[in-house]
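Coordinate analysis (summary)
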Amino acid sequence: MEKYIKNFSEIGIKDIAEVGGKNASLGEMYTSLISKGILIPKGFAITAEAFKYFLNSNDMDEAMGVILKQLDRNSFSNLQIIGKTARDLMMKGHIPRDLESAILEAYDRVFDTYDQDVAVRSSATAEDLPDASFAGQHESFLNVKGHYALLCAVKKCFASLYTDRAIKYREDLGFEHSKVFLSVGIQEMIRADMGCSGIGFTLEPESGFKDVIHLAGVWGLGENIVQGTVTPDEFLVFKPTLKKGLKSIIQRNLGSKEKKMVYAPEEDDVNTTINENTSDLLRKKFVLEDKEIEKLAQWALIIEEHYQRPMDFEWAKDGFNHQLYIVQARPETVHGQKDSFQFSSYQLTEKGKEIARGEAIGSMISSGRAKVLSSMKEADQLLEGDILVTDTISPDWDPILKKVAGIITNKGGRTSHAAIIARELGVAAIVGTVNATESIKDGQEITLSCAEGKTASVYEGKLKWKQTHIDTANFHLPKSPKIQLIMADPDRAFQLSFYPNYGVGLVRLEFMISHTVQVHPMALVHFDQVEGEEDRQAIEKLTASYPLKENYFIDKLSQGVATIAAAFYPKEVIVRMSDFKSNEYAGLIGGAAFEPKEENPMIGFRGASRYDHDRYRDGFRLECETMKIVRDEMGFNNVKLMIPFCRTVNEGQKVIALMEKYGLKRGVNGLEIFVMAEIPSNVLLADEFAEVFDGFSIGSNDLTQLTLGVDRDSALVAGLFDEENEACTKIITRMIGKANKLHKKIGICGQGPSDDHHFIRTLIDAGIDSISFNPDALIGGIQQVNEVNKMNTLFMDSLF
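Keep in mind that this is a model prediction, so the values were computed, not measured.

**As for empty space enclosed by the protein**
- Scanning all chains against the criterion turns up one cavity of 30 Å³ or more.
- Estimates place the volume of the largest cavity at around 320 Å³.
- Lining the largest cavity we find 23 residues, and of these Ser363, Gly453, Asp491, Arg492 and Gln495 sit closest to its centre.
- Those elements that provide at least two residues to the lining of the largest cavity are β14 (342-348) and α14 (493-496).
- In terms of residue class, the lining of the largest cavity is made up of eight nonpolar, eight polar and seven charged.

Given below as structure tokens:
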């Protein structure tokens, strides 16, 4: 019987042919990684030889071949009939008596009891391979207890080699059915029903960015997260700072976690698990504490290092002993196989009416006819090129998904089956929309856009978009001037990090404050002064888990800045301190009580003048405390800071002194503080400003506005706004010349270079150090810079 039963301690990764991919990986971890501190539940495998023995004992080989030969391989119209016939044949078979005895003897011996609750998992010999995951194609059963239940579950696993989805998957990948066999893993159940469980990736699953670990978790057993039944908590951990022992969690996102899968009552003769509603208290609480997140992340590093490739894994926390365990690991098959030098960029070129939104899977755009389906039973209505709209997607949907142009679900998160299969198929998908099946009409023409960050939108009608293929393998990134990005949205950071660049020349905090924080910082510090019950309730709701309300601002903003800093680490990331105008600040929750009403906010109470003023000093303190955490506690010393709209040298000196008071001292831990050169006084007094700051960044928008006296918010004089006006180019080139003479860094982060490539020549000829582009203008900008540099080189060569 030795060839039919193998303990995990006897198995390694080379044994895939004997015990399948899942069991081989479990055995590999059990034998190699327990010594490194990772907890793996004990268990054993019923081998592929045992499966063959089962087939031969029941004379199934020839009969199964006849059944599968009848499969319509053109339209797969009879797939369900063929699958059911094959499974029925398997279920009629009997496990040989000696094999049955061997299974039960191993169960009693390994677990030292006859009624240990176990997980019974299928493990095919063509599963969890680096180039084919077979994720969710075969069945697994949880909370199986006792001899009879175990043998029933084993036979169901055997039969699951012929689920409809597994048959179709093998057909699609060219695997011969008769050469794929099934092993079964019997693993000790971790009592996550009383704790929590989840999934992890050793890279960011949407972009493939390899320097973060992505964790997701739910209360109870992990099947809910895989099936997409609930929206999980999500965490991102930055590998380089984790290895240094620094504060490495750069994102925490609280999921709704509506359901919790637990053991079924003992009197339930039908189900082994059931779903129950999660309590409000648990829904508002993260499933993992920081130390547990970091422990799992450390384990993820060990697993990735051992396998020498990106991995995804499943984890569980026992609710009784409170220990964490790794229960499964497999190669990540989407990004691990991609050419990291080639990718496509998508951008909508027209606007439409938004009818649904949710979490973006990937960064593609797709359009087509919406097909709203309530269940798999309606799958025959789905046509080639339709966009599937449904409540949630289980592995049963897989056989029909190759024909869709997109997937939209009400439920699920970025680690749900819908998300995993969408990545594998390379189609656009939006999950967790809540109500897409209601807001989208069956047959309606729609556009699905995942190109706008982590939040994706569904629009009415077929909108126009452009797709740009980018091949960076032979792409020449000029050394001078340095090409950088302008950024605002952290959700796009990992994807944009793959673009050729020297870092980020401008991070606009205003986007993060308005979209993520949403609350005026002074309203958090002085909550008693907030006007309006609606604003007070909104703030109470947002800050419910923060005993000190101002910590909400610091936490949310630090996560946003850290995400961008991580994406481009160790390249420099220049963060501009907030530059809202008073009317914009007033639009934040609770902001009305703290902002003046100004006739012309564009040249009013903004930028540096706010920072040491009674109306905003505490708000600026929160900004500074945020940056100190990002730089000193989280280890992102690639973050540099910039002060906007600094009218006078004295004002600059006050701000620098105030920042030092709040823990941000120039030169300490490599901190550099720049100033925006966007007011004529910055240019005229460049020598004096250079004594206060480490460098300059030209803000061409405001500098043009103040040079020409044109209100850039006024449509009436918009035609006069021209960065290439002679006066503007003279003041900009003068600023560049002065900075070069003073040996101070000088860059530009205004709109000009992104909009007008002729402007680039002026900047290069003047000696600019760096040019920052909006993401959609970056590739074209680089090409223009290369062209100007080439022409200048040819000109210089002609002189000699």
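**Some thoughts on the sheet that holds strand β26 (residues 639-643)**
- Pairing within the closed barrel is parallel, and its eight strands lie in the order β23-β24-β25-β26-β27-β28-β29-β30. Taken over all neighbouring pairs, the strand axes of this sheet differ in orientation by 30 degrees on average, direction set aside.
- As judged from the three bridges shared by β26 and strand β27 (residues 673-677), these two strands associate in the parallel manner. Looking at the pairing, isoleucine 643 lines up with valine 675 of β27.
- Contacts from helix α28 (residues 758-766) reach β29 (745-748) and β30 (770-773), with the element oriented near 155 degrees to β30.

**Concerning the pattern of salt bridges**
- Considering all chains together, one arrives at 46 salt bridges under this definition.
- Across the pair glutamate 204 and arginine 414 runs a salt bridge, and its minimum N-O distance is 2.9 Å. Highlighted residues: glutamate 204 in the loop between β6 (196-201) and β7 (212-219) and arginine 414 in the loop between β18 (406-409) and α12 (417-425), separated in sequence by 210 residues. Here the two residues glutamate 204 and arginine 414 agree in accessibility, since each one is buried.
- One network of salt bridges, in which partners are shared, links Glu204, Glu234, Glu359 and Arg414.

**So, the environment of arginine 712**
- The topology assignment puts arginine 712 in the loop between α25 (700-708) and α26 (726-741).
- For arginine 712, a relative accessible area of 31% puts it in the partly exposed group.
- The spacing of arginine 712 and asparagine 701 is eleven residues in sequence and 7.9 Å in space, taken between C-alpha atoms.
- Not counting chain neighbours up to four residues away, the residues in contact with arginine 712 comprise Lys581, Met602, Asn701, Asp702, Gln705 and Phe721.

**With respect to the pairing of strand β12 (residues 311-317)**
- Extensive coverage of β12 is indicated by the burial of seven of its seven residues.
- Residues Met311, Phe313, Trp315 and Lys317 of β12 are buried on one face, and the alternating residues Asp312, Glu314 and Ala316, pointing to the opposite face, are buried as well.
- The sheet contact formed by β6 and β12 spans six bridges and is antiparallel. From the neighbouring strand, cysteine 196 faces β12, where its bridge partner is lysine 317.
- By the bridge criterion, seven bridges tie β12 to strand β13 (residues 324-331) in an arrangement that is antiparallel. Among the inter-strand pairings, phenylalanine 313 is bridged to a residue of β13, identified as alanine 329.
- In sequence, β12 turns back onto β13 through a hairpin of six residues, with histidine 322 there showing a positive phi of about 65 degrees.

**A look at the environment of valine 655**
- Along the chain, valine 655 turns up in helix α22 (residues 649-661).
- Here the alpha-carbon distance between valine 655 and phenylalanine 494, two residues 161 residues apart in the chain, equals 32 Å.
- Contact partners of valine 655, with chain neighbours within four places excluded, come to Ala608, Tyr611, Phe620 and Ile643.

**Side note on the packing of aromatic side chains**
- Throughout the structure, instances matching the rule amount to 15 aromatic pairs.
- Geometrically, the ring pair formed by tyrosine 569 and phenylalanine 636 is edge-to-face, given 6.1 Å between the ring centres and 80 degrees between the ring planes. Here the residue tyrosine 569 occupies a position in the loop between α18 (549-568) and β25 (573-576), and phenylalanine 636 occupies one in the loop between α21 (617-633) and β26, the gap between them amounting to 67 residues.
- The side chain of lysine 549 reaches across the aromatic face of phenylalanine 527, ending 4.7 Å from its centre.

**A look at unusual backbone geometry**
- Following serine 480, the chain continues to proline 481 via a peptide bond in cis, the omega torsion being -5 degrees.
- Inspection of the secondary structure assignment puts proline 481 in the loop between β22 (465-471) and β23 (482-487).
- Here the residue pair tyrosine 569 and proline 570 is connected by a cis peptide bond, since its omega of 5 degrees sits within 30 degrees of zero.
- Relative to the helices and strands, proline 570 is located in the loop between α18 and β25.
- The backbone phi angle of asparagine 143 is positive, close to 55 degrees, even though this residue is not glycine.
- The topology assignment puts asparagine 143 in strand β4 (residues 140-145).

**Some remarks on the sheet that holds strand β5 (residues 182-188)**
- With respect to topology, five strands assemble into an open sheet ordered β1-β2-β5-β3-β4, the strand pairing being antiparallel. Unpaired on one side and paired on the other, β1 (5-7) and β4 mark the two borders of the sheet. Strand-to-strand twist across the sheet, computed as the mean angle between neighbouring axes with direction ignored, equals 25 degrees.
- Of the strands in this sheet, β1, β2 (43-46), β3 (117-124), β4 and β5 are in contact with helix α5 (residues 97-111), which crosses β2 at around 165 degrees.

What counts as what
- Residues numbered from 1 in each chain as written.
- Predicted model: local features only at pLDDT ≥ 70, side-chain atom pairs only at ≥ 80, totals over all residues.
- Heavy atoms only, no water.
- 1 Å grid on protein atoms, 1.4 Å probe; cavity = no way out; pocket = protein on both sides within 12 Å on 5 of 7 lines; lining within 4 Å.
- Points joined across faces, edges and corners; volume = space filled by probe spheres on them.
- Helix = DSSP H or I, 4+ residues; strand = E, 2+ residues; numbered from the N terminus.
- Nonpolar A, V, L, I, M, F, W, Y, C, P; charged D, E, K, R; others polar.
- Pairing = 2+ DSSP bridges.
- Axes fitted to C-alpha atoms, helices over the stretch in contact; angles between N-to-C directions.
- Contact = heavy atoms within 4.5 Å.
- Salt bridge = Lys/Arg side-chain N within 4 Å of Asp/Glu carboxyl O.
- Buried < 20%, exposed > 50% of the residue type's maximum accessible area, 1.4 Å probe, protein only.
- Phe/Tyr/Trp six-rings, centres within 6.5 Å; stacked < 30°, edge-to-face > 60°.
- Lys NZ or Arg CZ within 6 Å of the ring centre and 35° of its normal.

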